[in-house]
Structures are given as structure tokens and as C-alpha cells.
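Read off the chains here:
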Amino acid sequence: MQCDYFDAGVCRSCALMGVPYPVQLARTQEAVATTLREHVPGSAWSDPFAGPEQGFRNKAKLVVAGTRGRPTFGVLDGDGGGVDLRHCGLYEPPLARAVPVLADLVSASGLVPYDVPSRQGELKHLLVTSSPDGELMVRLVLRSPGQLPRVRELLEPLVAALPGTRVVSVNLQPEHKAVLEGPEEIVLTPAQTLPMRLDDVTLQLRPQSFFQTNTVVAAGLYRQARAWVEEAGPETLWDLYCGVGGFALHLATPGRAVLGVERSAEAVASARASAAGQGLGQVRFEVGDATSYLAAEAPPACVVVNPPRRGIGPLAGWLEASGVPRVLYSSCNATSLARDLAAMPTLRARRARLFDMFPQSRHSEVLVELVRDEAPQPSAAIARS
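Residues numbered from 1 in each chain as written. Predicted model: local features only at pLDDT ≥ 70, side-chain atom pairs only at ≥ 80, totals over all residues. Heavy atoms only, no water.

1. Topic: the UniProt feature "active site" (unreviewed entry) in the protein chain
Part 1 of the argument: The residues that UniProt annotates with the feature "active site" (unreviewed entry) are Cys-332.
Part 2 of the argument: Take Cys-332: it is sitting in the loop between strand S15 (326–331) and helix H10 (334–342).
Part 3 of the argument: Overall, the relative accessible area of 22% leaves Cys-332 in the partly exposed class.
Part 4 of the argument: Setting aside its immediate chain neighbours within four residues, Cys-332 contacts Pro-308, Arg-309, Ser-364 and Glu-365. (UniProt positions renumbered as here; feature names shortened; annotations may be inferred. Helix = DSSP H or I, 4+ residues; strand = E, 2+ residues; numbered from the N terminus. Buried < 20%, exposed > 50% of the residue type's maximum accessible area, 1.4 Å probe, protein only. Contact = heavy atoms within 4.5 Å.)

Okay, structure coming up:
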């Protein structure tokens, strides 16, 4: 991949830019396998799952800086000034077409960009998500509600310029700190959710819900989890740190009781809407802490965990002592994954696969299947979806 921003030295976010993609993939696989070598044998790894090396991001997270009428949309430099990256090559095609149009509309709206050094201004971020069907969710992060009338005036020309726009909202983030968004969201459109269609499952994303940045690879991750789980055919399954319910909804099947637990009420609302839309009455989602909420529950036949970068912490001890025969662990941080696996010595890594969610970077996603030593072993070969 070639990038004018990288070549000009104005953006170094893609640390591996210029390295041939097959080499990137091999090095990432080697680095992850080395970090996990004490817990995941070399024979457990199947081939990495990769999507496009460019044009893969379904979400633009743009810092707004500059001046009224001449804002920048991208990142901040070392002095807090704006670096415009509206033509980033990582955006998938619908997003790549939408971002410059949105930037022009916002530039003409009179909204004042927030200036970090002086702590003045209103518009902090422009957040845009695109779906596989080309629909958009557009969010403007403001310091205060005073500019809401300007955003409402922007709504009609925005939808006219980008007919695929489904959800438009304003997020209020009044604090001066490195936080992308605040707790209050004001949705300005009739639609409250963005449908994200992945194979035979459609997720309903609300504005503050997290979803994987790479739609193609996320779909591959869910297909792999489904293939591994279906070999065992558990009657009960928990999806912990379930987010918008991606794993739970893909692993639901008639006769299987599925429970998803997530601390974010917004994400759980998305998951519940998705389950209702799919007619999955046997799937339920609850707001709560994965460890404390489930302490009194009878353990299921299978647990899926998909934690943030810090890992599962004390939950590893609970899983080790629970007797759960099978765990699928999806991790975006091999270091915390290694630490958690060390805390679950009787859960043995049977299979593992790298999913390259973030080409041009050293970040990665790993799915590991863990089975209790005494658990029966499926005989089917590793699925290579």
C-alpha cells in the first residue's frame, strides 16, 4: 500500500506502511505465536485470516481542528494543531466517498473547531461508520449543546448529499481530556441504529456501541467461532464482554441457551435489538460485570470471552475453578492473553488463529479454543473459513 500522507511524513499511524503485506502478516503471526509459545503449541495454529490490506476500515474517527471555515479532519500534531487526513486510504469505499463530502459540509456550516491548546471552540470529533450495505452513521462530538441548532440545520443538506445516511447524532463531551466521546447522545434522525449485515446475522449498532473496525475480518472471526463451537454442540453458552452481541448472535441455534453479559448498557440495547430482529428468543443479554454478575450462576458448557486490551483479569481464576469444559478467547492483546492463559492451566489451548483486523499496523486479533484436560476432543479438522 502507498500513502501520500505517510510519504509526506504528516501521519505515521500505519507503522508498517511500505512493508509488503505478506511479510507483515508473517511477522505478526510470528510475534503473536512467540508471545504465546508457553501456552499455545505451534501445532495449534492454523493459517492467518486476512482481508484487504487497504480500504478496510468501516469507521473514521476524525479529530476536528483548524479554524471556522477552514477546519482540519484527521489527527493532532505534537503541538495540538490539526493534520488533515480526510482522504486516508484505509477507509472502505463508502466511507472514503463520504468523509470528504462531510468535511465540506461541516466546513460550510459555521461550526467552530475545538482548539486543544487554547481550550476554545465547540466541534471536537467527526465519527462516521459505514455498513456493508453502504449506509452511514454520522456523529458529531461537541463540547456543549449550544451548537445543536447549527447541526440540525446541517441535517437536511447532509442527507441530500449522502442519501445513504441513516443515523445522525450529536455527542456531548464537555471535558478537556483525551476522551473521544461523552455519556450523552442526542439522536437527530428517526432511525436509532445502523444495521451491520454479516453473513446471516444483522447487528443493530447504536451510536455508542463498539464494533470491530474491519467488517470483512470480523465476519471471518465469527464464522471461525461458529465452526469450532458447532463441533462440540454445547446446549448452554455464555458470551462475556459481549459488546453488541456479535459472538452470541452468531453462535445461537435452536435448542441452545445463550447469555451475553456486557457492562455497556448502550451495547446491550444494540444486542437486544439485534436478537429481536433475528427472532432469537433463546438469546438474552444482561448489563453487568462478567465476573461478579455470573458468580452465582451454574456454569455453562461453553464460554466465549472477548475482553478489552487489559484481558479478563480475575475472571481467569473463576473460569479455571468453574469446571467449564470449553472456552473461546478472542483477544486483541497477546500479552494480556498470555497472562490470562497462565492463570487457567487446566484449560489447554487446542486451536488458535490470527485474524488481521489492522493491516499496516502491529495490532492483531487472536482466537484461541481452550478445552479442559478431561473434556472430550472433537475429531473434525480446523475450519479454514
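Resuming the write-up.
2. Focus on the sheet that holds S15
Part 1 of the argument: One open sheet accounts for eight strands, arranged S1-S16-S17-S15-S14-S11-S12-S13; its pairing is mixed. The sheet is open, and its two borders are formed by strand S1 (49–50) and strand S13 (283–287), each paired with just one other strand.
Part 2 of the argument: Each of strand S12 (257–262) and S13 is contacted by helix H7 (residues 265–278), which is oriented at about 165 degrees to S13, the strand it contacts most.
Part 3 of the argument: In this fold H10 packs onto S15 and strand S17 (365–372), with an angle of close to 155 degrees to the strand it touches most, S15. (Pairing = 2+ DSSP bridges. Axes fitted to C-alpha atoms, helices over the stretch in contact; angles between N-to-C directions.)

3. A few points about the UniProt feature "binding site: S-adenosyl-L-methionine" (unreviewed entry) in the protein chain
Part 1 of the argument: UniProt marks Gln-212, Tyr-241, Glu-262 and Asn-306 with the feature "binding site: S-adenosyl-L-methionine" (unreviewed entry), using the numbering shown here.
Part 2 of the argument: With respect to the secondary-structure elements, Glu-262 resides in strand S12.
Part 3 of the argument: Apart from residues lying up to four places away in sequence, Glu-262 is in contact with Tyr-241, Cys-242, Gly-243, Ala-267, Val-268, Glu-286, Val-287 and Gly-288.
Part 4 of the argument: Here Ser-264 takes part through its backbone nitrogen, which lies 3.1 Å from a polar atom of the side chain of Glu-262.
Part 5 of the argument: Take Asn-306: it is sitting in the loop between strand S14 (302–305) and helix H9 (315–322).
Part 6 of the argument: In this structure, Asn-306 is in contact with Leu-240, Tyr-241, Phe-247, Ser-330 and Glu-365, ignoring residues within four places of it in sequence. (Polar contact = N/O pair within 3.5 Å; in protein donor to acceptor, adjacent residues only side chain to side chain.)

4. Concerning the confidence of the model for the protein chain
Parts of the prediction with low pLDDT should not have their coordinates interpreted in detail.
Part 1 of the argument: For the protein chain, the mean per-residue pLDDT works out to 93, and 96% of the residues sit at or above 70.
Part 2 of the argument: In this model residues 375–385 is a low-confidence stretch, pLDDT under 50, and it forms 30 contacts with partners more than four residues away in sequence or in other chains. (pLDDT = per-residue confidence, 0-100.)

5. Quick word on the layout of surface pockets
Part 1 of the argument: When its volume is computed, the second largest pocket comes out at roughly 390 Å³.
Part 2 of the argument: Taken together, 19 residues line the second largest pocket, and the ones lying closest to its centre are Lys-59, Glu-181, Gln-208, Ser-209 and Phe-210.
Part 3 of the argument: Counting residues per element, the ones that place at least two in the lining of the second largest pocket are strand S2 (59–67), strand S5 (123–130) and strand S6 (136–142).
Part 4 of the argument: Among the elements that line the lining of the second largest pocket, the one with the most residues is S5, at three residues.
Part 5 of the argument: In terms of residue class, the lining of the second largest pocket is built from nine nonpolar, five polar and five charged. (1 Å grid on protein atoms, 1.4 Å probe; cavity = no way out; pocket = protein on both sides within 12 Å on 5 of 7 lines; lining within 4 Å. Points joined across faces, edges and corners; volume = space filled by probe spheres on them. Nonpolar A, V, L, I, M, F, W, Y, C, P; charged D, E, K, R; others polar.)

6. What to know about empty space enclosed by the protein
Part 1 of the argument: Scanning the model with the defined rule gives one cavity of 30 Å³ or more in all.
Part 2 of the argument: By volume, the largest cavity amounts to about 30 Å³.
Part 3 of the argument: Counting only elements with at least two residues in the lining of the largest cavity, the list comes to helix H3 (93–109), S6 and helix H4 (148–161).
Part 4 of the argument: At three residues, the largest contribution of residues to the lining of the largest cavity is made by H3.
Part 5 of the argument: The residue makeup of the lining of the largest cavity, split by class, is eight nonpolar, no polar and no charged.

7. Some points on the sheet that holds S6
Part 1 of the argument: With respect to topology, seven strands assemble into an open sheet ordered S4-S3-S2-S5-S6-S7-S8, the strand pairing being mixed. Each edge of the open sheet carries a strand with a single partner, namely strand S4 (82–84) and strand S8 (184–187). Direction aside, neighbouring strands of the sheet carry axes that sit 40 degrees apart on average.
Part 2 of the argument: By the bridge criterion, three bridges tie strand S3 (residues 70–76) to S4 in an arrangement that is antiparallel. The residue of S4 that forms the bridge with Val-75 is Val-83.
Part 3 of the argument: Packing against the sheet, H3 makes contact with S2, S3, S5 and S6, and its axis sits at approximately 150 degrees to S5.
Part 4 of the argument: Running at roughly 165 degrees to strand S7 (residues 165–172), H4 makes contact with S6, S7 and S8 of the sheet.

8. Details of H7
Part 1 of the argument: Between its terminal C-alpha atoms H7 stretches 20 Å, which fits the 20 Å expected from 14 residues at 1.5 Å a residue.
Part 2 of the argument: For H7, every residue scored as buried is listed here: Glu-266, Ala-267, Val-268, Ser-270, Ala-271, Ser-274 and Ala-275.
Part 3 of the argument: Trailing H7 by a residue or two, Gly-279 shows a phi angle of about 70 degrees, which is positive. (Expected span 1.5 Å × (residues − 1).)

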